Amino acid sequence: ELSRRAPDAWLRMILRKPSHDRTPEDLETIYEELMHMKPLSHLSNSMKRELASVIMFEAHPKAGTVVFEQGEEGRSWYLVIRGSVDVVIHGKGTVATLHQGDDFGKLALINDAPRAASIIVKEDNCHLLRVDKDDFNRILRDVEANTVRLKEHGKDVLVLEKSPSNSSSTAVKYVVMACTPARMVEHLLESRLETGVPNNDPALDDFLLTHVLFMSVRSLVQELKKHYNMESPHHDKDFKISCKRKVVMFVYQWVSTVRQPVLNDPNALAFVEEISADAESEGWEEAALMHRVMSQINRQQQTSGGVNKWKLPPSGQPISLFSPSESDTSIIKPNDDIIFRVYCADHTYCTLRMPVSATADQIKVCAADKLGLRHKGDDLLLVELKSNGERITFRDSEVSIPTGLTLNGRIFVSQKDHLDALTVIPEQESPTEGLELDLEDVSAKEMAYHITMFDWELFWNIHEYELLYHTFGRHRYSQSSANLDVFLRRFNELQYWVVTELCLTQSLSKRVQILRKIIKIAAYCKEYHNINGMIALVLGLSNVAVSRLSLTWDKLPSKSRKLYTQLESTIDPSRNHRSYRAVVTSICSPLIPFMPLLLKDMTFIHEGNKTSIDGLVNFEKMHMLAQTLRTLRYCRSRRLVLDPPTPKNESEVKAYVRCLRTIDNQRTLTSLSQKLEPRRS
Ligand code: CMP
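Residues numbered from 1 in each chain as written. Predicted model: local features only at pLDDT ≥ 70, side-chain atom pairs only at ≥ 80, totals over all residues. Heavy atoms only, no water.

Participant: Please provide a residue-by-residue account of the overall build of the protein chain, values included.
Facilitator: Across its full length, the protein chain holds 29 helices and 18 strands. Burial status across the protein chain gives 52% buried among its 681 residues. Taking the contacts inside the protein chain whose residues are at least 6 apart along the sequence as the reference set, 70% of them involve residues at least 24 apart. For the protein chain, the accessible area works out to roughly 31200 Å², and carbon and sulfur atoms hold 50% of it. Charge centroids of the protein chain, computed over 87 positive and 88 negative side chains, lie 5 Å from each other. (Helix = DSSP H or I, 4+ residues; strand = E, 2+ residues; numbered from the N terminus. Buried < 20%, exposed > 50% of the residue type's maximum accessible area, 1.4 Å probe, protein only. Contact = heavy atoms within 4.5 Å. Areas by Shrake-Rupley, 256 points an atom, 1.4 Å probe, with all protein chains shown as cover. Lys, Arg positive; Asp, Glu negative; His and termini not counted. Charge placed at Lys NZ, Arg CZ, Asp CG, Glu CD.)

Here it is as C-alpha cells:
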C-alpha cells in the first residue's frame, strides 16, 4: 500500500531521517501515507500528524533476523508493512505469524514488562514501522485500543483491557480479562514477578485464591515445572536462572497465600521441597523466603501429627462435630474421620466412621451393608430428612455429607421408590441434648465471651477455598467445605437456641429475664467484634415464635428494648444490607463477619458472571470473587485476643456454650410459643 503512493525509496529515506531533520514536506508525505494505513484508521488526524514526525522505518533484508528477544526490555511498538514475522515463545515455538497491517510489541510497553515473545523475521525483505516507547506513550497511550488480544495458533489466549480505575496515575494499567490457565501462569511469571522481593500483585493474588476453580493443583505444578526447567537453545544461563527464580517467587507467594491445601498435595509439596533446596544451594535471595515457608510447613506437620478423631456422638446428636480429641488444631481436614449415624425407614440405624471426604455413594454402600439392606445397582438413595419432614437427596459425588446437615437433620438411606415412607424420628422434634445451666446465674458478658471465642475458633478454621466450593457446588470439585459447614451450623444453632430457650420457659417473669439477657449477650458480641454471633442472636429474637410473645416483650425494660432496636437495625436487608455494611466498615480487624451475607455476595458474583468466555477463563469474575475472599483475610489479619471477664464458673459456661440445646422445627417452636401466650382474641 505504502509503495503505491510514494516512490518507495523516497519514503524510506525520509522515514529513516531522525525526527528533527524532517522538513515540513517530509512530514506531509508521511502524514499522507499514514492516512491510508488501515491499522491506524482509528487514530485522529492530529495524532497521525504527531506520529509523522516520530515514526521510523526499519528494513530487515534477511529471514531469521531477530527483531527482539523474549525477556528483553520493551523499547518500541511496531507495525508490519511488508512481509511477515514469527512470534516465538520459549518452550512453545512459533505461536503466531504476523503479516502486513499487524502490529506487535505493545504488551511490554503497556505493562512495563519484559517482552513476552521473540519476534523473528519470516521472509527476506521485511519492512517495519517503529514508534519508540516515549512517543508511543505520549501519542498513542490514551487511544490505543482498550482491548489487547493475543492469539496462539489462531485462537485467543489472552485478552487484556485497559483498567478504568487508574486514571490518576501516569502508567496505564491493563488487566487480564480472559486467558487460558497456562497462559495466565506464564503472564504472571513473566510480567508480574520480580526476583527477591515478595510483592502483592493483585493479579497474582486473584489467581492464587481462585485457580482451583479452573486449574487443579496438579496441573499448576506441571505448568510451573515447565517454566522451572525451561529448555531453550537460544538462551543463556542468566535467562534460565531468572526463569527459575521467578518460579520460586511464585511458589513462595502461593504457599503464603493458600497455606495448607498446597502442602496437602504430595505433588506440590515435593516441588516446593525441590526448589527450596535449589534456592539454598544456588544461594539465591529467595532461599530465605522459602526457608521461612518451609519451617512453617514443618511446624504444621508437627502440630497436626496424627489424624483428628471425632468422639462418638452424644445420644440425641446425629454427628460428633465439635469435639476433636487431643489435637491442637480443630481444623477439619479431608482425611479426618467423622462419626455419624445413618437411619432406615424403620428408624433403626448404624453408626459409621468415615473420612470427611467420603462421597454420598460410598456412605450409601457402607450403610446398606451394615443395615443389611438388599440393593441392586443404584436403587438406593442417600437423603437428609430435616426435622420438618423435608427430604433432600444427595448426589452420589457429594462429599462431607454429615457436616452439611441442618441442625436436627438426619441421614437416611432408602429405596428410591420408598422415599415417601420416611418419617421424622421423634427426637428430631424435641430439643437436642444440651447442658443444663440457669441462664440467670451467668453474666451476659461471660456468655458473650465464650460464644465469641468459640465462633472465632470455628471462623479461623475456614479456608477461603471452602467459600468457593460452597458457591460453585462442592460435588463439582469433590472438595469438602466442612469447616465452613460447621461454622454455618453454629450460626443456626445460636439462632435456634435463642428461640428454643424462650419457648421452653414457662414462667413469664423468667422469660423476660432471659430475653433481657440475650439482648445483652448480643450487645457484648458486637462489642467483641463478633458480628456473626450478634446477628445470629438477633435473628433468633426476631423469629415469629419469639416476636409474637407480646406479654414478654411488654414487660421488657425500656433500656433493653432500645438496645434491641439498635441491634436489630443491622439485620435490615434494605439497600443491599447497607446498615450491616456500615457497621462492619466502622470496626477493624479482628472481626467475625456475617458469613451468610459473604456467601450471598459470592453467589451473586457467580450467578451474574460466566466462568469461561469462549474457552478462556473469565478473570474479571475471578477478581471479583477474590475481592470477597480478601474480606475474610482482612477480618483475620489479626488474632482475636480478648480479656476474659472475671469468671464465675468458667468451665461450666464454656462447656454450656459449646453444646446448646435446640429445636429447629419452626412448626414445633410456633406451637410451643402459642401455648405460652395464646393469641388474644
Ligand atoms: P511484547 O510482549 O511487547 O513483545 C512480543 C509481542 O508479540 C507482544 O508484545 C505482542 O504484541 C506480540 N504477540 C502476538 N501474539 C502473541 C502471543 N500469543 N503471545 C505473546 N505475544 C504475542
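Participant: Pulling in residues and values, what's your account of the side chain of R130?
Facilitator: Note that R130 resides in strand β8 (residues 126-132). A polar contact is formed between the side chain of R130 and the side chain of E58, at a distance of 2.7 Å. Leave out the neighbours within four places in its chain, and R130 touches V54, I55, M56, E58, S76, W77 and Y78. (Polar contact = N/O pair within 3.5 Å; in protein donor to acceptor, adjacent residues only side chain to side chain.)

Participant: Pulling in residues and values, what's your account of the packing of aromatic side chains?
Facilitator: Taken as a whole and assessed by the stated rule, the structure comprises 20 aromatic pairs. Aromatic pair Y78 and F104: ring centres 4.9 Å apart, planes at 10 degrees, arrangement stacked. Of this pair, Y78 sits in strand β3 (residues 76-82) while F104 sits in strand β6 (residues 103-104); the two residues are 26 residues apart in sequence, bridging distant segments of the chain. According to the relative accessible area criterion, Y78 is buried, its value standing at 7%. Here Y449 and Y528 contribute two aromatic rings whose centre-to-centre distance is 6.4 Å and whose plane-to-plane angle is 75 degrees, an arrangement assigned as edge-to-face. Here Y528 lies in the loop between α20 (508-527) and α21 (531-542) and Y449 lies in helix α16 (residues 444-460), a separation of 79 residues in the sequence. Like Y528, Y449 is buried. The rings of F207, F214, F250 and F619 are connected pair by pair, giving a single aromatic cluster. In this structure, R115 is placed above the aromatic ring of F68, and the distance from its NZ or CZ to the ring centre is 3.9 Å. (Phe/Tyr/Trp six-rings, centres within 6.5 Å; stacked < 30°, edge-to-face > 60°. Lys NZ or Arg CZ within 6 Å of the ring centre and 35° of its normal.)

Participant: Describe in detail the nonpolar core, supporting the description with residues and values.
Facilitator: By size, the foremost hydrophobic cluster in this structure holds 181 residues, and its most contacted members are F207 and M595. Sort the elements by how many residues they give to this core and helix α19 (residues 482-503) lands first, with 13 residues. The residues contacting F207, other than those within four sequence positions of it, are P181, M184, V185, L188, F214, M215, L220, F250 and F619. Counting 16 residues, the second-largest nonpolar core is a separate cluster that includes V85, V87, I89 and L128. (Core = buried A, V, L, I, M, F, W, Y, C linked by side-chain atoms within 4.5 Å.)

Participant: Please give an account of the confidence of the model for the protein chain that cites residues and values.
Facilitator: Put simply, the protein chain has an average pLDDT of 88, and 92% of its residues get 70 or more. Ranking the helices and strands of the protein chain by mean pLDDT puts α21 first, with 98, and helix α1 (residues 2-5) last, with 48. Every residue in residues 304-316 is under pLDDT 50, and counting partners more than four places away or in other chains gives 44 contacts. In the predicted structure, residues 321-328 sits below a pLDDT of 50 and forms 21 contacts with residues beyond four places in sequence or in another chain. Both confidence scores are given for the complex: pTM 0.89, ipTM 0.99. (pLDDT = per-residue confidence, 0-100.)

Participant: Which residues make up helix α14 (residues 360-371), and what values do they have?
Facilitator: Compared with an ideal rise of 1.5 Å per residue, which puts 12 residues at 16 Å, α14 spans 16 Å between its outermost C-alpha atoms and is within 8% of the ideal. In the core, the buried residues of α14 are packed alongside β12 (337-343), β13 (349-355), β14 (380-385) and β16 (410-415). Backbone geometry just downstream of α14 places G372 in the positive-phi region, at approximately 65 degrees. (Expected span 1.5 Å × (residues − 1).)

Participant: Requested: an account of the packing of helix α17 (residues 464-472) against helix α27 (residues 619-635), with residues and values cited.
Facilitator: In contact at an axis separation of 10 Å, α17 and α27 are set at 130 degrees when each is read in the N-to-C sense. Between α17 and α27, the interaxial angle falls into the category oblique. Of the two possible hands of crossing, α17 and α27 adopt the one that is right-handed. Contact residues: α17 offers E464, L467, L468 and F472, while α27 offers K621, L625, L629, L632 and R633. When grouped by side-chain class, the residues that make up the contact of α17 with α27 number 6 nonpolar, no polar and 3 charged. (Axes fitted to C-alpha atoms, helices over the stretch in contact; angles between N-to-C directions. Parallel < 35°, antiparallel > 145°, perpendicular 65-115°, else oblique. Left-handed = near helix turned anticlockwise from the far one by under 90°. Nonpolar A, V, L, I, M, F, W, Y, C, P; charged D, E, K, R; others polar.)

Participant: An account of the pairing of strand β10 (residues 155-162) is requested, with residue identities and associated values reported.
Facilitator: Sheet topology note: the strand β9 (residues 147-152)/β10 ladder contains 6 bridges and is antiparallel. Counterpart to E152 in the pairing with β10 is K155. Here β9 folds back onto β10, and the loop between the two strands holds 2 residues, one of which, H153, carries a positive phi near 50 degrees. When β10 meets strand β11 (residues 174-179), the two strands line up antiparallel, connected through 5 bridges. Counted as the bridge partner of E161 is V175 from β11. (Pairing = 2+ DSSP bridges.)

Participant: Hey, could you go over α21 for me, with residue numbers and the actual values?
Facilitator: The terminal C-alpha atoms of α21 lie 16 Å apart, and with 12 residues this matches the ideal 16 Å at 1.5 Å per residue to within 8%. For α21, the tally of buried residues reaches 10 of 12 residues, placing the bulk of the element in the interior. Among all positions in α21, only I531, N532, G533, M534, I535, A536, L537, V538, G540 and L541 are buried.

Participant: Before we move on, can you summarise the pattern of salt bridges with the specific residues and values?
Facilitator: One pass over the full model with this rule turns up 37 salt bridges. A salt bridge links K151 to D156; its shortest N-O distance comes to 3.2 Å. A residue is classified by how much of its surface remains accessible, and K151, at 45% relative accessible area, is partly exposed. Accessibility expressed as a relative area gives 22% for D156, which makes it partly exposed. We note a salt bridge from E223 to K226, for which the minimum N-O separation is 3.3 Å. Taken together, the residues E223 and K226, both in helix α9 (residues 217-228) and 3 residues apart, mark about one turn of the helix. (Salt bridge = Lys/Arg side-chain N within 4 Å of Asp/Glu carboxyl O.)

Participant: Explain the sheet that holds β12 residue by residue, including any values.
Facilitator: Ordered by their spatial adjacency, 5 strands build an open sheet running β13-β12-β16-β14-β15, and the pairing between neighbours is mixed. If you trace the sheet from one side to the other, it starts and ends with β13 and β15 (391-393), each paired once. In this sheet, neighbouring strand axes are inclined to one another by 40 degrees on average, regardless of whether the strands run parallel or antiparallel.

Participant: How would you summarise the site of the ligand if you had to cite specific residues and measurements?
Facilitator: Neighbouring residues of the ligand: 17 residues in total, closest G105, A108, R115, A116 and K151. Here a nitrogen atom of the ligand sits 2.7 Å away from a polar atom, N or O, in the main chain of K151. Contact between the ligand and R183: a nitrogen atom at 2.9 Å from a side-chain N or O atom of the residue. Considered on its own, the ligand offers 440 Å² of accessible surface; in the complex 95% of this is hidden by protein. At the level of elements, β4 (84-89), α5 (106-111) and β9 are the ones that each hand at least two residues to the shell around the ligand. Looking at the shell around the ligand residue by residue, the classes come out as 11 nonpolar, 1 polar and 5 charged. (Near = heavy atom within 4 Å.)

Participant: So what about the packing of α16 against helix α28 (residues 650-658)? Which residues, and what values?
Facilitator: It is the contact of α16 with α28, at a shortest axis distance of 9 Å, that shows an interaxial angle of 55 degrees. For the element pair α16 / α28, the angle class is oblique. Both α16 and α28 take part in a crossing whose hand is right-handed. Only E650, V653, K654, Y656, V657 and R658 of α28 make contact with α16, whose side of the interface consists of E446, M447, H450, I451, F454 and E457. Its residues assigned to classes, the contact of α16 with α28 shows 6 nonpolar, 1 polar and 5 charged.

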